[in-house]
Amino acid sequence: MSLETEIILDRRQLRRRLSLWRGLAITALVLAVGGYLLSADETSGVLAQKHIARVNITGTITEDRPQLELLRKVRDAENVKGVIVFVNSPGGTTTGGEAIYEELRQIAAKKPVVGQFGTVAASAGYIVGLGTDHIVSRGNTITGSVGVLMQWPEVSEMLGKIGVKMNEVKSGDLKAAPSPFAPADENAIAVTKDMIDESFRWFGGLVESRRGIKLADVPGLERGRVFSGRDALKHKLVDEIGGEAEAKRWLEEKRGLEKDMKIIEWKPATDSPWGLASALSAAAGNLFGAQGREVAEILSRTRAFATLGLDGMLSVWQPPEN
């Protein structure tokens, strides 16, 4: 082998080593920066400056602990001078909407809170909006759907056809009633209706006290009607048509926030990659390959699939599906 060939080979080997070390150095830098950002609390780094916090309430609303904890952190953060709550949700559990509403009113006792409605802010999503001091809606936002429901499947006829009989012993006739395994009797329906009516009185009272209106004065409001943003403005269900710019302007003009203040998004702690959804996805991948994993991930993001896990009384807008 000639000397020139050896020199060329040595240079190539040197380049490979340098590329390897450069890659390792870049990876270490990325990991270090990521670790710093993950470990930094809300009082350090970019969040240390005075700013407006943006909090997103999206998808099916439940009594989500990380979400509620985030709202408490926003409330207690001295560097947060105002809050924009972006709502894009068809609703969810009534208790979930109630929990977020209460946290927002605690924030509003210390700093201004404005709601910004996206594509849909209905049912429990509208309850969230009621927790803010001012509601900005798009003209075509779907909102309203003031009401409460409770749903359960009834599969007794199907069980009879396949030869399955359910037996039970219970302490009282209203225990675990209504049940999916037997037709609901009049007593069970009446008790459930009383509970729904009581919860609706709470929801309706919230609308009247927070919006300064009477339910009976708004056509269809008591019957669970939805409205466009423009109709909602006409009936005083929202305060203004617009988006985030209008929400920020309200904070500046009506609540005195500085005009050059940045909007910074606050997010709750992310779920562990070892959570149930990830485990199901991995299991589906092992059993059925990449297609199975993809189906599992699609199902986990589908609203209809997600609502199967909801229990108790619901405040959720469910449009008919063809």
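## Here's the deal with the overall build of the chain
Along the chain, the regular secondary structure elements total 10 helices and 9 strands. Restricting to contacts in the chain with at least 6 residues of sequence separation, those with at least 24 account for 74%. With the model as given, the accessible surface of the chain reaches about 19600 Å², and the carbon-plus-sulfur share is 55%.

## Quick look at helix α8 (residues 244-255)
Spacing of three or four residues puts side chains on the same side of an α-helix, whose turn is 3.6 residues. The terminal C-alpha atoms of α8 lie 16 Å apart, and with 12 residues this matches the ideal 16 Å at 1.5 Å per residue to within 8%. At its buried positions, α8 is contacted by β1 (51-61), β2 (80-93), β3 (113-122), β4 (134-137) and β8 (262-266). Among the residues trailing α8, Gly256 stands out with phi positive, at a value near 75 degrees.

## Comments concerning the confidence of the model for the chain
With 72% of its residues at a pLDDT of at least 70, the chain reaches an overall mean of 84. Note on residues 272-276: pLDDT is under 50 here. Beyond four places in sequence and across chains, it has 2 contacts. Low pLDDT, under 50, characterises residues 295-304; the stretch is placed with 12 contacts to residues that sit more than four places away or in other chains.

## Some words on the packing of aromatic side chains
Evaluated as defined, the whole model comprises 2 aromatic pairs. Here the aromatic rings of Phe117 and Tyr126 are separated by 6.3 Å at their centres, their planes lie at 65 degrees, and the arrangement is edge-to-face. Ring centres of Trp202 and Phe203 lie 6.4 Å apart, and the angle between their planes is 50 degrees; on these two criteria the pair is classed as tilted. On the basis of relative accessibility, which here comes to 27%, the residue Trp202 falls in the partly exposed class. The class for Phe203 is buried, based on a relative accessible area of 0%.

## As for the pattern of salt bridges
Inspection of every chain in the model, using the stated rule, returns 16 salt bridges. A salt bridge links Arg105 to Asp133, with the shortest nitrogen-to-oxygen separation between them at 3.1 Å. With Arg105 in helix α3 (residues 94-108) and Asp133 in the loop between α4 (124-130) and β4, this pair connects stretches of sequence that are 28 residues apart. Judged by its relative accessible area of 26%, Asp133 falls in the partly exposed class. A salt bridge links Glu252 to Lys248, with the nearest nitrogen and oxygen atoms 2.4 Å apart. One end of the pair, Glu252, and the other, Lys248, are both in helix α8, 4 residues apart, so they sit about a helical turn from each other. Here the two residues Glu252 and Lys248 agree in accessibility, since each one is buried. Three or more residues are tied together by salt bridges with common partners; here these are Arg54, Glu244 and Glu265.

## Looking at unusual backbone geometry
The omega torsion across Ala177 and Pro178 is 0 degrees, close enough to zero to call that bond cis. Take Pro178: it is sitting in the loop between α5 (156-161) and α6 (186-211). Although it is not a glycine, Ser123 adopts a positive phi angle of roughly 55 degrees. On the basis of relative accessibility, which here comes to 1%, the residue Ser123 falls in the buried class. With a phi close to 55 degrees, Ser145 is a non-glycine residue in the positive phi region. Looking at the element boundaries, Ser145 is found in the loop between β5 (142-144) and α5. For Ser145, a relative accessible area of 8% translates into the label buried.

## Brief notes about the side chain of Glu252
Of the residues examined, Glu252 reaches a relative accessible area of 15% and is grouped as buried. Among the polar contacts made by the side chain of Glu252, one reaches the side chain of Lys248 at a distance of 2.4 Å.

Definitions and cut-offs
- Residues numbered from 1 in each chain as written.
- Predicted model: local features only at pLDDT ≥ 70, side-chain atom pairs only at ≥ 80, totals over all residues.
- Heavy atoms only, no water.
- Helix = DSSP H or I, 4+ residues; strand = E, 2+ residues; numbered from the N terminus.
- Contact = heavy atoms within 4.5 Å.
- Areas by Shrake-Rupley, 256 points an atom, 1.4 Å probe, with all protein chains shown as cover.
- Expected span 1.5 Å × (residues − 1).
- pLDDT = per-residue confidence, 0-100.
- Phe/Tyr/Trp six-rings, centres within 6.5 Å; stacked < 30°, edge-to-face > 60°.
- Buried < 20%, exposed > 50% of the residue type's maximum accessible area, 1.4 Å probe, protein only.
- Salt bridge = Lys/Arg side-chain N within 4 Å of Asp/Glu carboxyl O.
- Polar contact = N/O pair within 3.5 Å; in protein donor to acceptor, adjacent residues only side chain to side chain.

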